Amino acid sequence: MKNAFSDNPQIGVVPTFSELVNSSFQGDMNAIFWYRNLVGDFEEIVSKLELKENVTEVLVEDLLALQLSENGNLSRQIILKDIQLLTDFGASPSLNLIKNYERDEELDFISTDVYSFHVDRSPIPTDTFLCTYHGAASEILPNDQVEQKILIPEIREKLKKLHDGPENEFENFLEEYFFDLHYQPKPNTKPVNLGLGHLWRLAVDHPSQQVLPCVHRAPVEQEDEYRLLLIC
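Residues numbered from 1 in each chain as written. Predicted model: local features only at pLDDT ≥ 70, side-chain atom pairs only at ≥ 80, totals over all residues. Heavy atoms only, no water.

K.L.:
Is there a simple way to think about the overall build of the protein in this case?
P.N.:
Looking only at helices and strands, one finds 6 helices and 12 strands in the protein. The C-alpha atoms of the protein give 19 Å as radius of gyration, which agrees with the globular expectation for 232 residues (17 Å, within 12%). Expressed along its principal axes, the backbone C-alpha trace of the protein runs to roughly 60 × 40 × 35 Å. Of all 232 residues assigned to the protein, the portion counted as buried reaches 49%. Residue pairs at least 24 apart in sequence account for 76% of intrachain contacts in the protein once pairs closer than 6 positions are excluded. When the accessible area of the protein is evaluated, it comes to approximately 12,700 Å², of which 47% is carbon and sulfur surface. (Helix = DSSP H or I, 4+ residues; strand = E, 2+ residues; numbered from the N terminus. Rg over C-alpha atoms; globule rule 2.2 N^0.38 Å. Buried < 20%, exposed > 50% of the residue type's maximum accessible area, 1.4 Å probe, protein only. Contact = heavy atoms within 4.5 Å. Areas by Shrake-Rupley, 256 points an atom, 1.4 Å probe, with all protein chains shown as cover.)

Below, the structure written as structure tokens:
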């Protein structure tokens, strides 16, 4: 299945949902996706949904209540099927209409919001699933093209001053406030855009994970364009 991601060792590609959930991460591969060219009109769905907050969860009943054209209905059926597949698998998918996420502007030397490259962590074996149906798509980077922010000397020194506590509690402090999950791209790196319509599975940091967690970020949204994102 030749596509724009085929030669990237970080990324695996599969033709079905079953293979997406049953394939194993291995080596440098910590992102797998179900390659799809979706039909319909997702923009119509976005235009008819109501943005109640900057990130608004769209319920199944909200989707079903929309009066849509034939193309819009095709897109709705795809979303409903994706939600059902993930739910049957045991995941808890959330469909979000996104104007923008909250920015972390509290510290000027390190950001911990979703626009910063980061990894997800879980105490139990799990993966992150996501699909962008409309709007700007998420991005990932290979682990060898990033540096953990807490290991950058000038950032680490500022974090130590912020901690202002016993040295043996510093690492716990970094975890407690999620500083350790965030990464700085190395010079001249080029993020991989995950594109529209593909359903992705990204490796998460948990005790039994055999590969490095996938470093990813939310994109900066296009002005006057909402994102429609399925994630769990």
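That was the structure; now back to the text.
K.L.:
How do you make sense of the packing of aromatic side chains when you look at a structure like this?
P.N.:
To describe a pair of aromatic rings, you give the distance between the ring centres and the angle between the ring planes. Within this structure, the stated rule accounts for 11 aromatic pairs. The interplanar angle of 65° and the centroid separation of 6.1 Å between the aromatic rings of Phe-33 and Tyr-35 together place this pair among those described as edge-to-face. Relative accessible area serves as the criterion here: at 27%, Tyr-35 is assigned to the partly exposed category. On the numbers, 4.3 Å between centres and 15° between planes, the contact of Phe-33 with Trp-200 is stacked. Here the residue Phe-33 occupies a position in strand 2 (residues 31–34), and Trp-200 occupies one in strand 10 (residues 199–203), the gap between them amounting to 167 residues. Taken individually, Phe-33 and Trp-200 each receive the classification buried, so the pair is uniform in this respect. Grouped by ring-pair contacts, the aromatic residues Phe-17, Trp-34, Phe-89 and Phe-129 constitute a single cluster. Above the plane of the ring of Trp-34 lies Arg-36, whose end atom (NZ or CZ) is 4.5 Å from the centre. Above the ring of Tyr-115, the side-chain terminus of Arg-103 is found at 3.9 Å from the ring centroid. (Phe/Tyr/Trp six-rings, centres within 6.5 Å; stacked < 30°, edge-to-face > 60°. Lys NZ or Arg CZ within 6 Å of the ring centre and 35° of its normal.)

K.L.:
Can you walk me through the environment of Ser-138 in this structure?
P.N.:
On the secondary structure map, Ser-138 appears in the loop between strand 5 (127–134) and strand 6 (139–141). Under the relative-accessibility criterion, Ser-138 is labelled buried at 5%. It is 4.9 Å that separates the C-alpha atoms of Ser-138 and Ala-218, two residues lying 80 residues apart in sequence. Those residues within four positions of Ser-138 in sequence are excluded, and the remaining contacts are Leu-130, Thr-132, Val-192, Asn-193, Leu-194, Arg-217, Pro-219 and Arg-227. A distance of 3.4 Å separates polar atoms of two side chains, one belonging to Ser-138 and the other to Arg-227. (Polar contact = N/O pair within 3.5 Å; in protein donor to acceptor, adjacent residues only side chain to side chain.)

K.L.:
I tried to follow the sheet that holds strand 2 on my own but got confused; where do I start?
P.N.:
Strands pair in a sheet through their backbones, by hydrogen bonds, and they do so in one of two ways: parallel or antiparallel. Read from one edge of the open sheet, 7 strands run 1-2-10-5-12-4-3, paired in mixed fashion. The open sheet is flanked by strand 1 (11–14) and strand 3 (55–58), the only strands paired with a single partner. Each neighbouring strand pair of the sheet contributes to a mean axis angle of 25°, computed without reference to strand direction. Lying on the sheet, helix 4 (residues 70–89) is in contact with strand 2, strand 4 (94–98), strand 5 and strand 12 (227–231); it crosses strand 5 at an angle near 175°. (Pairing = 2+ DSSP bridges. Axes fitted to C-alpha atoms, helices over the stretch in contact; angles between N-to-C directions.)

K.L.:
So what exactly am I meant to see when it comes to the nonpolar core here?
P.N.:
As a rule of thumb, soluble globular proteins bury nonpolar side chains together. Counting residues in each nonpolar core, the largest one holds 32 residues, and the members touching the most others are Leu-20, Ile-45, Leu-63, Ile-79, Leu-95, Tyr-133 and Leu-228. Going through the elements one at a time, helix 1 (17–22), strand 2, helix 2 (42–48), helix 4, strand 4, strand 5, strand 10 and strand 12 are the ones with two or more residues in this core. With 16 residues, the next largest nonpolar core counts Ala-31, Leu-194, Leu-202 and Leu-229 among its residues. (Core = buried A, V, L, I, M, F, W, Y, C linked by side-chain atoms within 4.5 Å.)

K.L.:
How should unusual backbone geometry be read in this particular structure?
P.N.:
Generally, phi is negative for residues other than glycine and the peptide bonds are trans, each holding for most cases. At Asp-164, a position not held by glycine, the phi torsion is positive, near 50°. On the secondary structure map, Asp-164 appears in the loop between helix 5 (153–163) and helix 6 (170–176). A positive phi is found at Asn-188, a non-glycine position, where the angle reads about 65°. As for its position among the elements, Asn-188 is in the loop between strand 8 (183–185) and strand 9 (192–193). Judged by relative accessible area, which is 83%, Asn-188 ranks as exposed.

Any functional reading would require information that these geometric values do not contain.
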